Amino acid sequence: MKVSYNWLKDYVDLDVDPYLLAEKLSLIGFEVEEVIERRLDFPHVVVGKVLQVTRHPNADKLSLCQVDVGDARLQIVCGAPNVEEGQRVPVARVGAELPIGLKIKRAKIRGVESEGMICSEQELGLAESSDGIWVLPDDTPLGKPLAEALEFETDFILDIGVTPNRPDALGHIGIAREVAAILNRPLRKPRPEFPEVQPSAEEVVGVEIQSPDSCPRYAARVIRNVTVGPSPLWLVRRLEAVGMRAINNVVDVTNYVMLETGQPLHAFDLDLLEGGKIVVRESRQGEKFVTLDEKEHTLQEGTVLICDAQKPVAIGGIMGGLNSEVRSQTRNILLESAYFSPESIQRSARYLGIKSEASQRFEKGTDPNGVRYAQDRATQLLVQLAGGEVLQGAVDAYPRRIFPVKIPLKHQQINTLLGTRLSAEEMARILERIELKVEDGQVMVPTFRPDLTRVADLAEEVARLYGLENIPAAPVTRMPYRVAVNRFDAFLDRVRDVMVGFGVQEVLTNSMINAQRWSELTGEPVYPILNPISQDMSGLRNNLVLSLMGVIQWNVNRQIRDLRIFEINRVFYHPGDLNRQPREEIHLAFALTGNREPELWYSSRQLIDFYDVKGLIEAWLDKFSLDKPEFIYYDNFAVGKEALAVRVKGQQIGFFGRVKQAIQDFFDVETPIYVGEFDLKRVFELLTEEKQYRPIPRFPWVDRDLAVVVDETIEVAELIREIRNATDALLQDVFVFDIYRGKQIEAGKKSVAFRFIFQSPERTLTEEEVNQRMDAILKRLRDKFQAKLR
Amino acid sequence: MKENIEQLREAFLTEIQTVKNLQELDALRVKYLGRKGQLQAYFKQLGQVDPADRPQIGRLLNELKQLFERTIAEYKSRFREEDTGEWIDLTLPGRKPPVARKHPLTQVLDEIKSIFQSLGFTIADGPEVETDYYNFEALNIPKLHPARDMQDTLYVTEDILLRTHTSPVQIRVMESQPPPVRIIAPGRVYRRDTPDASHSPFFHQVEGLCVDQGISFADLKAVISEFARRMFGEDIQVRFRPSFFPFTEPSLEYDFNCVFCRGKGCRVCKQTGWMEISGAGMVDPNVFKAVGYDPEIYTGYAFGMGVDRIAMLKFAIDDIRLFFENDMRFLRQF
């Protein structure tokens, strides 16, 4: 809400610097987002009178104007369509510098001399846009500097972010109340006074509320014989200062009083209302209505309609109708001031898609008992500015009376909540600064503060007015000894540390992905988003490796080709039934591509291959002491050709391998990529916390080498399995220390060189024991695989 | 005898300087220290020395022997080192193991977590896809609240949505245990924002919650101030401003001194000296009622903070999208 500093002065004595005031308001809960200085001083801009308008000889759209500026007659070329003879206009004379950055010089425009410029409000920095030049009232003194003629005074506009619980602060008086509380000064509210004539309003119009739940109160006043015309400059300027355009004196007064009190008002042309009657009812499904912005709306059931005896004339609390709008020939007015239930307005404004100044106030909750005050204030101004006679009284239908609430001032409870030590009297004094009277230990909450219903709400008022900065921070805290530890979270941290330690960079990617594309790529349904921001974020991902492919693509396209990345994040599995939450898992995924080492002098100049990724997994499992992993051939949407699943203790924990060509092509990356993805919850559950020491062997080991030639397609894992089967526990370890294919070997064969470690925990092994076992191994390999000793 | 010993010492020290390699050194060793060497000859003569002088002479001879041995050992090491003398270029870069880092957001979150863990908070967790009840209803956010609009929140069905904050974790934790509660809930949250320099449709929050008997705003002030001090330094000031959130009462927002100008006013903080961090407040009694805590007995505070925002402040990053592009030239800077 935009608040004018000068306007506030009407209600509270102000001498404090506007910027300081802004800071003080922020500290009591009214965040001032911006202070805008409106310095209205335009050197070399004066009031002129257009004497004559003729066509520019060389340009169709330009006019040639003779303008009297008091001490001179100027010839000015003007491009505005609305320039007319007799108008008073702002004229920027040679030497003027306009706020939009334009310097006025003597110039020839299309061959004709121009000695200045007739300005629009936009060009003077007074409006964001203008349709044409600014036409001033006819009595504006000719030749005077514009700022002086219009009695401009520098103002400061405070743009306040009023929180939704404070509808009372959506008017200048409401803000002034807070300012008065800050400065500890009295608040001065205008006292509306005006003469009334017979007959009484009740004799002329009736008000019938058929939907008291959505419209608990509706008051109508009748003002006859008004003269609709432009508003005086002071009013126009106040409206403009806070960003509202002037329309005519009647509409402007209703807007002005809304900006003053926070109570929206609406003026009907009484002569356009049939049957001398206002009926408030709820709409029927499908009813149509044209609002004053000439838009037709199809209403849902239950929207509050203001009707005359025959037809709807306004959508209650949201916008008036085109059929009853005040226009220049309007003589008689019905002035509406009402209270609508916030829920009803919220619902209607939302489906109608209308956010009017009125609806935004009603939906937060206006003051049901401030209805008449605002109406009288507007009536007073209407009489002042538009003339007319006020019929006696108002027709005030108030079927659902709303009473002020009382809250017990439990000062100890408030002190406990805030950590303060204020007495009940001190609290009462604080609350009374914002018109919360305390009587017999009860706080009387006026109806303009619908947000205050509980002791906790009072605590907030005490806290903000006492000053949050005056409440000292607690020096100590009471803390339970028993603190739960989130071991899984700690495990995730460790996994990150281990991956980073292995030289793999962490990344974080978007969980929202293109649902259609991903379900095509993965062959699995993707959990969809109903109202996505875009197609590319229309679902939640069911794996991480495709996200990492995206990261690789991004970097490769930027010439970064050697990549080792990982991510730990959630994946979402479609539960089949969308009315259920998806199953969420926390995964680790990684991707490796490019050169194994940077291209430096020591580099092997080799690309990352399958054994890099397998080694990474093995090292990773080793770090977490996950012994004896099993590797199983595997195939899924991402990997297949060189791919394995990993099983630990019979549980599959993830997979890894070379990315399929189709996926590589989809992401348009040439170099082979190796990826893996693991379910970390499952890994976590397999971790063994207890570790028991085993004695270090005291006796020396014996190592033996053996190279055998076997068929190319025989797997090393099979050979090792048979080697183990052929021996006993004395064989501690087997390594493959060389694989050879080439000249000395038959085609289709390979030589596999093993190193065996034999050891006993109890004794030094004899030569004979070891030889026995080596013989058994060789025999087994011969029998099973036709292996030949090399 | 004394003079002879002194001469032998001089001769040794002169001669060893002329030695050029290990062979010559070995010849020298035999000459002076060998079984038939010069030193041994003096030891043999020791019996003929005046018994009164014998201990002193003996000591001198032993010292000389040690000097010879030590000096020869030094020369030996020197020759051996020179022997292996292949010249290597020390200016070439080394064989560097691959270096990687945690994502900057993880680094900042790690710091936040460790600060709060040291203050006795436990890390809690909940689903990213939530129900309307946990995300809004139980947090006292009314049905027609603008945050529940399809414009702001990403929905799956009318009742299921992508959580807009980590506050639902509060509710889940309180439902599952009686007070006292002291948790932080870090995690990813979603809003229906079009990405630009200061908006991402997903980002990261840490929600804090502390409930017990006698917890007050003074405690909240203390915990936020302590966090600020540990995160950004001793001299950081914290400011609290009243605000409004449906799930806290009183509600407030907190600001830290600008971490760049330390409150003096600069371009980053738009000359205000302050940086808005996030919201906090005392848990609203309606929230306690939703989880079955008695608001007459227990009070508590809750606070939130944006990990991305803190990281942006800490590293002077002006575009949130950089975090999720994962350009290596960005990630390697942290």
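What you are looking at is a predicted structure, and each value in this text was computed from that prediction instead of being measured. (Residues numbered from 1 in each chain as written. Chains lettered and ligands numbered in written order. Predicted model: local features only at pLDDT ≥ 70, side-chain atom pairs only at ≥ 80, totals over all residues.)

Side note on the interface of chain A and chain B
Piece 1. Each side of the interface is counted separately: chain A has 72 residues, and chain B has 61 residues.
Piece 2. Here the side of chain A that touches chain B gets six residues from one element, more than from any other, and that element is helix α13 (residues 455-466) of chain A.
Piece 3. When grouped by side-chain class, the residues that make up the side of chain A that touches chain B number 38 nonpolar, 18 polar and 16 charged. (Contact = placed C-beta atoms within 7 Å. Helix = DSSP H or I, 4+ residues; strand = E, 2+ residues; numbered from the N terminus. Nonpolar A, V, L, I, M, F, W, Y, C, P; charged D, E, K, R; others polar.)

Quick look at helix α8 (residues 342-352) of chain A
An α-helical turn contains 3.6 residues, so any two residues separated by three or four positions project in the same direction.
Residues and elements named next belong to chain A.
Piece 1. Listed in full, the buried residues belonging to α8 are S344, I345, S348, A349 and L352. Mapping the buried residues of α8 onto a view down its axis gives an arc of 115 degrees, with all of them on the same face.
Piece 2. The inward-facing, buried residues of α8 contact β17 (296-298), β18 (304-307), β19 (312-315) and α9 (357-362).
Piece 3. Directly after α8, the chain includes G353, whose backbone phi takes a positive value near 70 degrees. (Buried ≥ 20, exposed ≤ 12 C-beta atoms within 10 Å, placed from the backbone. Arc of directions from axis to C-beta.)

Describing the packing of helix α5 (residues 104-118) of chain B against helix α10 (residues 307-315) of chain B
All names here are of chain B.
Piece 1. Where α5 meets α10, the axes come as close as 9 Å, and the angle between the chain directions of the two elements is 100 degrees. Comparing their axes, α10 and α5 come out roughly perpendicular. Judged by residue contacts, P104, L105, V108, L109 and I112 of α5 engage V307, D308, I310, A311, K314 and F315 from α10.
Piece 2. Looking at side-chain class alone, the contact of α5 with α10 contains nine nonpolar, no polar and two charged residues. (Axes fitted to C-alpha atoms, helices over the stretch in contact; angles between N-to-C directions. Parallel < 35°, antiparallel > 145°, perpendicular 65-115°, else oblique.)

Looking at the domain arrangement of chain B
The accessible area lost on association of the parts is a frequent measure of interface size.
Piece 1. Per the domain assignment, the segments of chain B are domain 1 (2-83) and domain 2 (104-331).
Piece 2. Summarising the inter-unit geometry, the C-alpha centres of domain 1 of chain B and domain 2 of chain B are found 80 Å apart. (Domains from an automatic or database assignment.)

Considerations on the sheet that holds strand β28 (residues 512-513) of chain A
Residue and element names in this part refer to chain A.
Piece 1. Reading across the sheet, the three strands line up as β28-β30-β29 and stay open at both edges, with antiparallel pairing between neighbours. Edge strands, defined here as strands with exactly one partner in the open sheet, are β28 and β29 (527-528).
Piece 2. Of the strand pairs in this sheet, β28 and strand β30 (residues 539-540) are connected by two bridges, and their pairing is antiparallel. Paired with I513 across the strands is G539, a residue of β30. (Pairing = 2+ DSSP bridges.)

Topic: the pairing of strand β38 (residues 731-740) of chain A
All names here are of chain A.
Piece 1. Little of β38 is tucked away, with one of its 10 residues classed as buried.
Piece 2. Strand direction decides the pairing type here: β38 and strand β39 (residues 749-758), joined by eight bridges, are antiparallel. From the neighbouring strand, L731 faces β39, where its bridge partner is F758.

Concerning the domain arrangement of chain A
All names here are of chain A.
Piece 1. Annotation of chain A at the domain level lists domain 1 (2-39 + 155-183), domain 2 (45-149), domain 3 (196-397), domain 4 (405-470), domain 5 (488-686) and domain 6 (702-789).
Piece 2. Of note, the centres of domain 1 and domain 4, computed from C-alpha atoms alone, are 22 Å apart.
Piece 3. Listed by partner, the interface residues are eight residues for domain 1 and eight residues for domain 4.
Piece 4. In terms of residue class, the side of domain 1 that touches domain 4 is made up of two nonpolar, two polar and four charged.

Concerning the confidence of the model for chain A
Piece 1. In this model, chain A carries an average pLDDT of 93, and 100% of its residues clear a pLDDT of 70 or more.
Piece 2. Considering each helix and strand of chain A separately, the mean pLDDT is smallest for helix α3 (residues 146-149) of chain A, with a value of 85, and largest for strand β27 (residues 505-506) of chain A, with 98. (pLDDT = per-residue confidence, 0-100.)

A few points about unusual backbone geometry
Piece 1. Residue P180 of chain B follows P179 of chain B across a cis peptide bond; omega there is 0 degrees.
Piece 2. Inspection of the secondary structure puts P180 of chain B in the loop between α7 (167-176) and β4 (181-190).
Piece 3. Along the chain, E249 of chain B connects to P250 of chain B via a cis peptide bond; the corresponding omega equals -5 degrees.
Piece 4. Position of P250 of chain B relative to the elements: it lies in strand β7 (residues 248-257).
Piece 5. Unlike most non-glycine residues, R110 of chain A shows phi in positive territory, near 50 degrees.

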